[in-house]
Amino acid sequence: MIFFVLLSINLTLEDAIEMGLRESPTYLQAKKEFLIKQKTNASAYSTLFPSASAGYVEARTRSRIDGVEIYDSVDSYYNFRMEWDLTPGDFLNAFSAHYGNNSASFSFMETRDQTIYEIVSRYLNTLKLEKLLASRKTAVKRTENNLELIEEKKRLGSASNAEVLQGKVNNLQAQYDLMETEKDRKVYLLRLKKIIGLEARDSILLEEPKIDFKIPEKDSILILAMDKDPLLNEYSSEVKKARFDFTNTSMNNLFTVSFGAVYQYQDDEVPSVPLIRTNYDYSIGFSISVPLFTGFSRVNDILIAEMRVDLADLKLKEREKELRISVEEDYMLFVAAEQKLQLAETTLSFAEESHKAASERYRLGESSMIELLGAEEDLLRAQYSLTEARFDWYLSLYRLKRLMGRLYEE
């Protein structure tokens, strides 16, 4: 007989984030694309440096006329060649590549933050539903006990049919709420396991996050958001890249300036250092070319480059506006969530006192079973509301943390 022992994994929010960044397909794909863009853009820097080549040649030449060998010779030599061709456009392309790399980097950071926030959201929603599930189970147990008590009192003649019906309704509603909460918990748990790379059969125990930071004032959040937001930085880099591209396109379509230099060595001996020997040649050149007619393509190229600058500017300004609105909205939601949490804590305190008083009144025969059931329902609702309010507060806090660029801190 084979026994399988399933061990539960204690999983903190920080652990879930680290696992998700190792396993999330979206994040890993974005990381690969970023590295490809980085290497592709880096090729623009190569034009700023000279190219060099070296080789060895050995050739045998034989000649015959009417079967008579005229000569048979073997020639061998070494060669070295270095070229350097520079234009102002090469420097502009290098700056454009630099800001292209910055844009790709910030785009990758935005994908990373989206992935982290999705992990945070799934983790907190799963944990919230686990807490609510415990409340739902307690509610079912309480309504079952109350129903048994009411039916017993009905048999003794001290409870009415209305009280029995109310007890049954409360019990059925509690069972329905339990089923819905259990279903939602399973769905969110599977989604969480998927994004962090666990199997469906893996058992995990979630822990409530420890909040060790404070939210600053709204103006400070806005300053941090304007400095740290990946999308805003990405669009800012795109604007700078577009401007360098526009300058390059304008210059190339008005005139082209280039500087070129070539050094070549060839000898039958291995070259020494320095390569200044008898058999070498070099050339240095400077040229300016002006296109006369290109079928109006020059005008179109410049207009397209200019429109790309305008488009990048529009995206940057729109993101700045979105960011200001997001800070305003998310800060308002955070304050509201904080107030809601405080209200829920106070409500639970009152509900507990009310339930205690109702139980005592019922024990002394001063109130009916319906009044006690109402107090029970109020207490369960207050517990449920407190759990929801606490996790809504968590989510609102992490939304602000994302805006401040503190969602992922190594």
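Computed from a predicted model, the values in this text were never measured in an experiment.

Colleague: Where do I start with the nonpolar core in this structure?
Modeller: One broad trend across soluble globular proteins is that nonpolar side chains are buried collectively. Ranked by size, the top nonpolar core spans 61 residues in total, and within it Leu-11, Ile-17, Tyr-123, Leu-124, Ile-196, Ile-215 and Tyr-398 carry the most contacts. Residue contacts for Ile-17: discarding those within four places in its chain leaves Ile-116, Ile-119, Val-120 and Tyr-408. In terms of nonpolar packing, the next biggest core, distinct from the first, is built from 9 residues, Ile-150, Val-164, Ala-358 and Met-369 among them.

Colleague: How should I be thinking about the pattern of salt bridges in this particular structure?
Modeller: Oppositely charged side chains can form a pair if their charged atoms are brought close together. For the coordinates displayed, the defined rule picks out 24 salt bridges. The partner of Asp-113 in a salt bridge is Arg-112, and the shortest N-O contact between them spans 3.3 Å. Taken as a pair, Asp-113 and Arg-112 share a single burial class, namely buried. For the salt bridge of Asp-177 with Arg-136, the shortest nitrogen-to-oxygen distance reads 3.6 Å.

Colleague: Got a minute to help me understand the packing of aromatic side chains in this structure?
Modeller: Each aromatic ring pair is summarised here by two numbers: the centre-to-centre distance and the angle between the ring planes. Counted according to the given criterion, the structure contains 7 aromatic pairs. Seen in terms of ring centroids, Phe-95 and Phe-244 are 5.1 Å apart; in terms of plane orientation they differ by 10°. Their pairing is stacked. Of the two residues, Phe-95 sits in helix H3 (residues 88–155) while Phe-244 sits in helix H6 (residues 230–254), which places them 149 residues apart along the sequence. Ring geometry for Trp-393 versus Tyr-394: centroids 5.6 Å apart, planes at 45°, classification tilted. Residue classification places Trp-393 among the buried residues on the basis of a relative accessible area of 16%.

Thresholds applied
- One numbering rule holds for all chains: residues counted from 1, following each sequence as written.
- The predicted origin of the model limits local features to residues at a pLDDT of at least 70 and limits the giving and counting of side-chain atom pairs to 80 or more, whereas totals for whole chains, interfaces and linings rest on all residues.
- Derived side-chain values reflect all non-hydrogen atoms in the structure, with water molecules and hydrogen atoms excluded from consideration.
- By nonpolar core we mean a set of buried residues, namely Ala, Val, Leu, Ile, Met, Phe, Trp, Tyr and Cys, connected to one another through side-chain atoms within 4.5 Å.
- Partly exposed describes any residue whose relative accessible area lies between the buried limit of under 20% and the exposed limit of over 50%, with all areas from a 1.4 Å probe on protein chains only and scaled to the type maximum.
- A contact between two residues is defined here by any heavy atoms of the two lying within 4.5 Å.
- Any carboxyl oxygen of Asp or Glu within 4 Å of a side-chain nitrogen of Lys or Arg constitutes a salt bridge here.
- A pair of aromatic rings is counted whenever rings of Phe, Tyr or Trp (Trp by its six-membered ring) have centres within 6.5 Å, and the orientation is called stacked for planes under 30 degrees apart, edge-to-face for over 60 and tilted otherwise.
- For helices the rule is a DSSP run of H or I covering at least 4 residues; for strands it is a run of E covering at least 2, with both sets numbered from the N terminus onward.

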